[in-house]
Amino acid sequence: MTLVILFENIGLVYSHLAKANQTEKFSKSFRVIGLSAAVSGIFGTSPTVAAAETQAAIVSGGKTGLTSITTGIWFLISIVAIPLLKWIPDSAIAAIFVLIGGLMLEEMKEISPRDLTESFPAYLMIAFIPFTNSIVDGMAIGFILYPLLKIAAGKRKEISFTLLAVASLFVVNYLLKIQLV
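Read on for a plain summary of the structure. This is a predicted model, so every value here is computed, not measured. (Residues numbered from 1 in each chain as written. Predicted model: local features only at pLDDT ≥ 70, side-chain atom pairs only at ≥ 80, totals over all residues. Heavy atoms only, no water.)

### Observations regarding the packing of aromatic side chains
According to the stated counting rule, one finds one aromatic pair in the structure shown. Judged by centre distance (5.8 Å) and plane angle (40 degrees), the ring pair of F143 and F170 falls under tilted. In this pair, F143 is assigned in helix α8 (residues 135–152) and F170 in helix α9 (residues 161–180), connecting sequence segments 27 residues apart. (Phe/Tyr/Trp six-rings, centres within 6.5 Å; stacked < 30°, edge-to-face > 60°. Helix = DSSP H or I, 4+ residues; strand = E, 2+ residues; numbered from the N terminus.)

What follows is the structure, given as structure tokens:
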């Protein structure tokens, strides 16, 4: 679960800041989220995660905390509608999930197919998430494959220590899972 929170926040915070043209604030934002996750573990509460709803506020031009407060107020008001939402059949929500998936795949256009050491791990991540039924397992495939392909292509210098550490942790995680089974 921790890895899902970590990677979800990395993706959401970076995309939010990119939409607001403020990518220089990434490290500060991520430090705050990291602190929140650590403190939530101490107190036994749910960690703070970046909300996808924030993207709508940013795209609409919201740049202050007032947009967050307004969104929060509307969420509180929507509590009274929860009993009505139970009347909506689950099958009606399927179309929304398909639409969200399509919007998520829209970012694939940013992946350059010219360098297979970059694109192939990204495409495999996207494919393996639904096949493994796990966001973490799908991402692990890409994180393990990326440095392996870079090394095989003679591009070892393009791999950071942090990336090697994360890939190694994923490998150790899978080796431990095999040992436990």
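### Concerning the layout of surface pockets
Here the largest pocket defines a volume of roughly 2600 Å³. The wall of the largest pocket is formed by 48 residues, among which F7, G11, M104, E107 and M139 lie closest to the centre. Put simply, the parts of the chain that give the lining of the largest pocket at least two residues each are α1 (2–19), α6 (90–105), α7 (116–132), α8 and α9. By residue number, the principal contributor to the lining of the largest pocket is α1, which donates 13 residues. Here the residues of the lining of the largest pocket are counted per class, giving 32 nonpolar, nine polar and seven charged. (1 Å grid on protein atoms, 1.4 Å probe; cavity = no way out; pocket = protein on both sides within 12 Å on 5 of 7 lines; lining within 4 Å. Points joined across faces, edges and corners; volume = space filled by probe spheres on them. Nonpolar A, V, L, I, M, F, W, Y, C, P; charged D, E, K, R; others polar.)

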